[in-house]
Amino acid sequence: MSDDEFDSVYSEQVRSASFRHWTPVAVARRAAQLLTGVGGATRILDVGAGPGKFCIVGALTTAARFAGIEQRPSLVEAAAVAVERFGTDRASVVHANMMDFDCTPFDGFYFFNPFRELVELCDAYPIDRTIDTSVALFKTYIACAIANLLRASVGTSVVTFHGFGGRMPPQYRRVLSEQTHGGELALWVRAPHSKRQSNGEFEARPVA
């Protein structure tokens, strides 16, 4: 399915943001494949899910369950409509953000640089102007994302597309990296760790 075909389920306003802000279908399919087929994830969280495009593609092309968190109510409503249209019960998007959401049930995460818009104040193609933006807020969200990744279990898989805005914790090993659609698509896996090093950090070991 092409992006135009997929995006036809959305309103014109939502479609207009797709080329910049929503994951392309081909990238979503590949990311879901990496998380499930390589990383072994079965419960995947999309942080900043928008209208649910990644979650829906993932649910339609793998056997895993996909949940998204999105802070714009209008996009949560758009996602609900799209989920119903595509007829998948393994995809959902809820109105929330990472600051007050329980991420512990998930063994896979997807980040399409979700916090970028908080600092790109002059973006010529914003989603809208309905959320607060600041460098301080950007740093807060990055710190929250890192804290959640550090709380995740060994073996947790993460896929980033165009990064996530911060440095991946050293406990995560980059397993794979591809260039696609103008950015890096990378798979990371939380590795077992050894004794604490002299710098106070853990040394990551390869995952079997």
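What comes next is a walk through the structure. (Residues numbered from 1 in each chain as written. Predicted model: local features only at pLDDT ≥ 70, side-chain atom pairs only at ≥ 80, totals over all residues. Heavy atoms only, no water.)

## Focus: the pairing of strand β2 (residues 65-70)
Item 1. Burial of β2 is extensive: 5 of the 6 residues sit out of reach of the surface.
Item 2. With respect to chirality, the unit in which strand β1 (residues 43-47) leads through helix α5 (residues 53-61) into the neighbouring parallel β2 is right-handed.
Item 3. As defined by bridge partners, β2 adjoins strand β3 (residues 91-95) across 5 bridges and the pair is classed as parallel. Along β3, the bridge assignment pairs Phe-66 with Ala-91. (Buried < 20%, exposed > 50% of the residue type's maximum accessible area, 1.4 Å probe, protein only. Helix = DSSP H or I, 4+ residues; strand = E, 2+ residues; numbered from the N terminus. Right-handed = clockwise from strand over helix to strand, strands pointing away. Pairing = 2+ DSSP bridges.)

## Here we look at α5
Along an α-helix, residues three or four positions apart point the same way, because every turn accommodates 3.6 residues.
Item 1. For α5, the buried fraction is high: 7 of the 9 residues fall into the buried class.
Item 2. Considered for burial, the residues of α5 that qualify are Lys-53, Phe-54, Cys-55, Ile-56, Val-57, Gly-58 and Ala-59.

## As for helix α4 (residues 25-38)
Item 1. Here α4 is 14 residues long and its end C-alpha atoms lie 19 Å apart, about the 20 Å a rise of 1.5 Å per residue gives.
Item 2. Three or more residues of α4 are buried, namely Val-25, Val-27, Ala-28, Ala-31, Ala-32, Leu-34, Leu-35 and Thr-36.
Item 3. Count one or two residues on from α4 and you reach Gly-40, which has phi positive near 80 degrees. (Expected span 1.5 Å × (residues − 1).)

## Let's talk about the pattern of salt bridges
Item 1. Using the criterion set out here, one finds 4 salt bridges in the structure.
Item 2. A salt bridge links Asp-3 to Lys-53, with the shortest nitrogen-to-oxygen separation between them at 2.7 Å. Here Asp-3, found in helix α1 (residues 3-7), pairs with Lys-53, found in helix α5; they are 50 residues apart in sequence, far enough to count as distant.
Item 3. By relative accessible area, which is 27% here, Asp-3 ends up partly exposed.
Item 4. Residues Arg-30 and Glu-178 are paired through a salt bridge, measuring 2.4 Å at the closest nitrogen-oxygen approach. Of this pair, Arg-30 sits in helix α4 while Glu-178 is found in strand β6 (residues 172-180), placing the two residues 148 residues apart along the sequence. (Salt bridge = Lys/Arg side-chain N within 4 Å of Asp/Glu carboxyl O.)

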